[in-house]
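Structural overview for review
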Amino acid sequence: FGPGGSLKSTLAAWCGILVQAELSACGLKAVKGKVLCLDWETDEDDFNDLCWGLREGLCLQESFQPLYRHCVRPLAEDAETIQNIIATQNIDTVIVDSAMPAAGGTRMAKEDCSSVFATLRAFGTSNLVVAHEVKDPNAHPKPYGDVFWENLARHLIQVKCVEHTDPSLKDVGLFNTKTNWGPKHPP
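What counts and how
Residues numbered from 1 in each chain as written. Predicted model: local features only at pLDDT ≥ 70, side-chain atom pairs only at ≥ 80, totals over all residues. Heavy atoms only, no water. Phe/Tyr/Trp six-rings, centres within 6.5 Å; stacked < 30°, edge-to-face > 60°. Helix = DSSP H or I, 4+ residues; strand = E, 2+ residues; numbered from the N terminus. Buried < 20%, exposed > 50% of the residue type's maximum accessible area, 1.4 Å probe, protein only. Pairing = 2+ DSSP bridges. Axes fitted to C-alpha atoms, helices over the stretch in contact; angles between N-to-C directions. Contact = heavy atoms within 4.5 Å.

1. Some remarks on the packing of aromatic side chains
For the coordinates displayed, the defined rule picks out 2 aromatic pairs. Centroid distance Phe 47 to Tyr 68: 4.9 Å. Interplanar angle 35°. Geometry classified as tilted. Placement of the pair is Phe 47 in helix H2 (residues 44–58) and Tyr 68 in strand S4 (residues 67–70), with a sequence separation of 21 residues. There is no split in this pair, since Phe 47 and Tyr 68 are both buried. Arranged with centres 5.9 Å apart and planes meeting at 55°, the rings of Phe 117 and Trp 149 form a pair that is tilted. Pair noted here: Phe 117 is in helix H5 (residues 110–123) and Trp 149 is in helix H6 (residues 148–151), with a separation of 32 residues, a long-range link.

2. Side note on the sheet that holds strand S5 (residues 93–97)
What the 4 strands build is an open sheet, ordered S4-S3-S5-S6; its pairing is parallel. At either end of the open sheet lies a strand with only one pairing partner, and these are S4 and strand S6 (126–130). Averaged over all neighbouring strand pairs, the angle between strand axes comes to 15°, with direction disregarded. Bridge count between strand S3 (residues 35–39) and S5: 5 bridges; the pairing is parallel. Within the sheet, the bridge partner assigned to Leu 38 lies in S5 and is Val 96. Packed on one face of the sheet, helix H3 (residues 79–89) meets S3, S4 and S5 and runs near 170° to S4.

Without other data, these values stay purely geometric and don't point to any function.
Next up, the structure:
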């Protein structure tokens, strides 16, 4: 989770490519698997361009491209079709970009959250959910919406991005704000 423009979608696609290629990078060790990106925010051409650039940077072939699905309906309403894709394509990891449109609501209430997490659990896959951040500077960093977006997640990683004077460069930090298993990972 993080504010708009913090490269959350780019990082999610990068993680998907690492899983497809079974690569380790920046202290992250990927387990090989097939990845499906469920995308409510952009389109397939933009996703393909993003993945092309990421693969170029990692010196990888096109075969390490995650499977892509443009989504319009809430995740729970499209679950049967997505489950069929998962089964026929042997998908191990699902990326949801992003939480609010996947929930189908603007309130991001407990019911919206429960629906998304229940649907993902039924898929039987590893899941990475991209979410926006609460914009209250007085609150501790957390995903936008009901507290259950934080409570039901097994790990929360806050993304922070700092721009340089050169607009083509950005520093990105990942901060483990919650984990249910073992110690938090260092930044």
